[in-house]
Structures are given as C-alpha cells and as structure tokens.
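A look at the structure
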Amino acid sequence: MAGQQKQQQQQNGTLPAMRTQPKAIFFTDFDGTITQTDSNDFLTDTLGFGHTLRRQQNHDVIYGRRAFRDSYQEMMDSVRAPYDQCISTLLERVALDPAFAEFYSWCRENNVPVVVLSGGMRPMIRALLAHLVGEDVVEELQIVSNDVAPRPGKNINDENGWTIIFRDDSSFGHDKSREIRPYAQLSERPILFYAGDGVSDLSAARETDLLFAKANCDLVTFCEHQKVPFVTFNDFSEIHNTVREVLEGKTSVKEAAVGRK
C-alpha cells in the first residue's frame, strides 16, 4: 500500500493538473468550443481553399477515409496570408462562448483544473484568449497545442511565410488522448471531463468519464457513428450545470451521457 501511495505521489508530481489534488479535471478543446467560431475553419473558409472543400475533408476524416493530420495540413497550407494578418482578422471576428468566463471562474473556486487541448496553434490561442478573457487567464491556463514556424527563408509575417508545427507524429498531429491517458491510468484519480466540437477531438472522445459534444457539430456525428457515449451542449452554461451536478452527487457521469438533448 505504501508503495502504491508513493507511486501515485510521483505520478501526481509529473501531471500538472494533479498538483492541487482535485476531485475533477476539465479538459477542453479551444476552437469552436471555448470560442463560438473555429478560428482554423474560419481562416480556411475566408482566406484559404473555402468552405466546400473543408467540409468534404472533415467528412472524410470522420468516416476514416483520410487522416486528420493530412487534412489539417492542407487547410493551413491554403491560407497564404501573413500570420499577423491572420491573428488580427481573428481578433475582429471570433467571439467567446458567452458562459465560459463564469464557468472558468467557478472551476477556479472549486479546484477543478481546466486544461486546453487544442489542434490549433499556440500563438493564435494565446492571442485570442488574452483578447477575450485577459492575460491573467492565459498565464494560468495549461495549454497543450500545436505551434507555428516560419517557412525556410521567410518570416511568419510574410505572404505564405508560415507553417503549422504538429505536436507529435500521430495521424492527428496532436493526439489529445496522449495528454489525457496518464490521468485516466492513475489508481486513484479525479473525474475526467472533456468538451469538444469537431474532428480534432476524435482522439479524445473515448478517454474521459463524460464527453460533452457541441450540438450539431462533427463530434456528435462521430460519436453516434462509433457508439461513443456523450451529451450535447449548446454553450458552457449547460456544461457548468452538469459538471456541478456530478460533483455534488446529484447525477452520475453515466446518467449524464444522454446523447442528443
């Protein structure tokens, strides 16, 4: 028993969200989940190869006809605008989920760490969060994502000057399950939640105790096709109510996973 306790303490020390010994951890996608618009989809639709081709590629990923990594690389390669122009465009057009700030404040007060797992690029995520909720939130949030780098001989703020740098070598580019699984494998662990909306979340769909899938989005289609338990949400007020009820013992994660509502 003492050996197990020591091993648990060592694992907790290497897992950032376990530092405060929480009863729950909330993992979440960023684009289209915390924000109302997916910034990468927006850039592709308006500055890249357009909505029609992007939607076709998303469907190909959902039904296993191609890898998300390859599709996403093509999406980002089609956006030739300088990186600073991309960010300034997003700051003007992307809005925060209206209930996220209140939910995040409640999580801070109730020792529920929030971990952002994103297929997006870190500089864009940080810029949007700082603009939408403040620099202090950016500094305290754990953000795990892809990154960006200049193309050879160019600056990222040149025309066609940047490219996405994937976090890992998986078919997702950023396999979110790799971040969640060490928490799920703890012998004594908190309740694990995840919220997402689209194809970048497929790798995380089976990894937590309760999956929130945004209503009318690709993640719902995937979960139904693959028979993955989930519950839909429209905004973070619904997530807030369900997480609170689970932690107060008013419902269980199994009872909450009712699918489409």
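What comes next concerns the included structure.

Cut-offs used in this document
Residues numbered from 1 in each chain as written. Predicted model: local features only at pLDDT ≥ 70, side-chain atom pairs only at ≥ 80, totals over all residues. Heavy atoms only, no water. Pairing = 2+ DSSP bridges. Helix = DSSP H or I, 4+ residues; strand = E, 2+ residues; numbered from the N terminus. Axes fitted to C-alpha atoms, helices over the stretch in contact; angles between N-to-C directions. Contact = heavy atoms within 4.5 Å. Salt bridge = Lys/Arg side-chain N within 4 Å of Asp/Glu carboxyl O. Buried < 20%, exposed > 50% of the residue type's maximum accessible area, 1.4 Å probe, protein only.

**So, the sheet that holds strand β3 (residues 142-150)**
In spatial order, the strands read β4-β3-β2-β1-β5-β6-β7; together these seven strands make up an open sheet with mixed pairing. Here the strands that pair on one side only, and so sit at the sheet edges, are β4 (162-165) and β7 (231-233). The mean inter-strand angle of the sheet, taken between neighbouring strand axes irrespective of direction, is 25°. Lying over the sheet, helix α10 (residues 218-226) contacts β5 (191-196), β6 (210-214) and β7, oriented at roughly 130° with respect to β6.

**Notes on the pattern of salt bridges**
According to the stated counting rule, one finds 19 salt bridges in the structure shown. Put simply, R167 and E179 hold a salt bridge, and the shortest N to O gap is 3.3 Å. With R167 in the loop between β4 and α9 (177-184) and E179 in helix α9, this pair connects stretches of sequence that are 12 residues apart. With relative accessibility at 46%, the residue R167 sits in the partly exposed group. In this structure, a network of salt bridges that share partners links the residues D168, D169, D175 and R178.

So, to be careful, I would describe these as geometric facts and stop short of saying anything about function.
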